[in-house]
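Chains, contacts and geometry: an overview
This is what each chain is made of:
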Amino acid sequence: MRVVVLAAGAGVRMRSTLPKVLHRVAGRALVEAVLDAAAALSPSRTVVVVGADRGRIVALLEGRGVHFAVQDPPRGTGDAVARAREALGDGGGPVVVLAGDTPLLRPETLAALVALRRAKDLDLAFLTFRPPDPGDFGRVVRDSRGRPTGIVEAKNASARQKRIAEVNAGVYCFAPEALAKALPKIGRNPVSGEYYLTDAVAILAARRGKVEAAAADDWREAWGVNTRRDLAAAEELERRRGVERALDAGVTILDPGTVRIGPHVTFAPDVVLHPFVCLEGRTALSEGCEVLSFTRLLDTQLAAGVVIGPHCDAEGAVVGLNAKVGPYSRLRPGTVLEEDVRVGNFVETKNAVLRKGVKALHLAYLGDVEVGAGANIGAGVITCNYDGEKKHRTTVGEGAFIGTDTQLVAPVTVGKGAYVGAGTTVTRDVPDGALALSRPPLVVKEGWAARRKARKTG
Ligand code: UD1
Ligand code: CA
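So, a few notes on the structure that sits alongside this text. For clarity, every value in this text was computed on a predicted model and none was experimentally measured. (Residues numbered from 1 in each chain as written. Chains lettered and ligands numbered in written order. Predicted model: local features only at pLDDT ≥ 70, side-chain atom pairs only at ≥ 80, totals over all residues. Heavy atoms only, no water.)

**A word on the overall build of the protein**
When helices and strands are tallied, the protein shows nine helices and 37 strands. Taking 458 residues into account, the globule formula puts the C-alpha radius of gyration at 23 Å, and the protein, at 31 Å, lies well above it. For the protein, the spread of C-alpha atoms along the principal axes amounts to about 105 × 55 × 40 Å. Classification of the 458 residues of the protein by burial places 46% in the buried group. Approximately 21800 Å² of the protein is accessible, and the part contributed by carbon and sulfur atoms is 51%. (Helix = DSSP H or I, 4+ residues; strand = E, 2+ residues; numbered from the N terminus. Rg over C-alpha atoms; globule rule 2.2 N^0.38 Å. Buried < 20%, exposed > 50% of the residue type's maximum accessible area, 1.4 Å probe, protein only. Areas by Shrake-Rupley, 256 points an atom, 1.4 Å probe, with all protein chains shown as cover.)

**Brief notes about the side chain of Glu153**
The residue Glu153 is located in the loop between β9 (148-152) and α5 (159-162) in this model. With no salt bridge to any partner, buried Glu153 finds its closest opposite charge in Lys155, at an N-O distance of 6.7 Å. Those residues in contact with Glu153, other than ones at most four positions away along the chain, are Gly138, Tyr196 and Thr198. (Lys, Arg positive; Asp, Glu negative; His and termini not counted. Salt bridge = Lys/Arg side-chain N within 4 Å of Asp/Glu carboxyl O. Contact = heavy atoms within 4.5 Å.)

**Remarks on helix α1 (residues 30-39)**
Burial analysis of α1 places eight of its 10 residues in the buried class, which makes it a mostly covered element. Taken together, the buried positions of α1 are occupied by Leu30, Val31, Glu32, Ala33, Val34, Leu35, Ala37 and Ala38.

**Focus: a positive patch on the surface**
On the surface, a cluster of positive charge is contributed by Lys445, Arg451, Arg452, Arg455 and Lys456. For Lys456, the position within the fold is in helix α9 (residues 448-457). (Patch = residues over 30% accessible without salt bridge, like charges linked within 9 Å, V, L, I, M, F, W, Y side chains within 5 Å. Charge placed at Lys NZ, Arg CZ, Asp CG, Glu CD.)

**Observations concerning the nonpolar core**
Core analysis: the largest hydrophobic core is formed by 52 residues, its most contacted members being Ile261 and Leu273. Of all the elements, strand β28 (residues 359-371) adds the most residues to this core, at five residues. When neighbours within four sequence positions are excluded, Leu273 is seen to be in contact with Val251, Thr252, Ile253, Leu254, Val259, Ile261, Phe267, Leu279, Leu285 and Val291. Membership of the second largest hydrophobic core comes to 44 residues, among which are Val31, Ala125, Leu127 and Cys173. (Core = buried A, V, L, I, M, F, W, Y, C linked by side-chain atoms within 4.5 Å.)

**Focus on helix α3 (residues 77-88)**
Between its first and last C-alpha atoms α3 spans 16 Å; for 12 residues at 1.5 Å apiece the expected length is 16 Å, and the two agree. Every buried residue of α3 is accounted for by Gly78, Asp79, Ala80, Val81, Ala84, Ala87 and Leu88. Backbone geometry just downstream of α3 places Gly89 in the positive-phi region, at approximately 75 degrees. (Expected span 1.5 Å × (residues − 1).)

**Topic: the coordination of the calcium ion (ligand 2)**
Distances from the calcium ion (ligand 2) to its protein donors, Asp101 (OD) and Asn226 (OD1), fall at 2.2 to 2.3 Å. Remark: Asn226 occurs in the loop between β11 (211-215) and α8 (228-248) and Asp101 occurs in the loop between β6 (95-99) and α4 (107-120); sequence separation between them is 125 residues. An identical accessibility class is assigned to Asp101 and Asn226; each is buried. (Donors = N, O, S within 2.8 Å, 3.2 Å for Na, K, Ca; no water.)

**Brief notes about the site of ligand 1**
Near ligand 1, the surroundings consist of 23 residues, among which Leu6, Gln71, Gly76, Glu153 and Asn168 are the closest. For ligand 1, a nitrogen atom lies 2.7 Å from a polar atom in the side chain of Gln71. For ligand 1, the accessible surface in isolation is 750 Å², of which the surrounding protein chains cover 91%. When residues of the shell around ligand 1 are traced back to their parent elements, those giving at least two are β1 (2-7), α3 and β10 (167-174). (Near = heavy atom within 4 Å. Polar contact = N/O pair within 3.5 Å; in protein donor to acceptor, adjacent residues only side chain to side chain.)

Here is the structure:
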């Protein structure tokens, strides 16, 4: 199996200085999404056809193990595949051709198309779909027995052909000999002057080739992006797909129109998502979790019963059973909150392990720290973990009480059950059970305000 991804088009309809296939849907460049779907086929070789503005595309795809072929100027999809032939090698096996601008394609659908071609030993199997409006997509023409006889581009189509609801997805699986036979026969299109890969259907069908078209179960996955409108529609389709997947997994979503869920997020039943929640990356939510409005979770794991309040941001965090976070908390990578931990408003954690039942409810920075079970972190506590060059660790023992507005100057350890008084700067270790207090003596001058006033007016 070999794969060709076409990404050399000028993409003028986007009105952008960025190459079209580098525009993003759900955080991934269009061409990356297509390559991810293709990778599931485990191809022996993948060739991306790139054009004049290839620099940034090549830079983005570096390290993915793909080969590049150059098509400059872009003279149509048929010409693009012809440019890829050398880079494809003679490895044999079928050739899957994909447009670089169909980001919603699922690997399962690709695999089904490949399997169809193989099972029936077809010269060509291609994917079709029926969008609500066939718009500019190529129309699939079938004969009286339902066999595909050609694809007519919208701008070449007659009024009658334009009414055809079944359109071409730009996804093809060719037998290698059939592709070699068809490519040189593709002529210039009289209307656009381009060489259309879609003509391969008519060329093979006319020579009694075995050509079949398979319709996608869900039209949305074949959606192609040519304009900003298409891009916005793709983003919405992808968002909707995530929401539906969550609903099917037993998640309650209070306002589905506002929630975004990435393709790798996993759920258990009875999760509740409030409006404007955004779940990204490898986020995993266990049974009964609740995430409130305007919270974003990236690569974050929530154990059962966790509640994340509104306006929180978490990245690479692990949150234990029944823990409560927020509102307005920021959990940065390396945060581990164990069972029953409570983290409140304007608390930031990074590389922070908070053992069972720790409370840090207001205005704290906890970085490079381990806090023992049941310890209490007062309002305004700060781990001073950075000396301008290196990071240092802080350890707070089990059951310790860190008073309000304390600075823990790392490296430093506060022992088990120790107390640190409010306003203390802890610059050396505090033993188990001790009290640490650094407070300049309080000065109170009675009647001072009146004396000041007298000085001023006198
Ligand atoms: C193409 C199909 C159309 C189909 C639609 C599905 C053709 C002629 N038409 O139309 O039947 O319904 O896709 O989305 O194939 N490209 C190149 N070199 C070129 C021209 C294009 O590499 O010279 C690449 C583009 O970067 C793009 C892909 O091929 O990724 C498709 O080209 P595009 O111009 O978007 O074709 P459509 O008009 O959408
Ligand atoms: Ca397109």
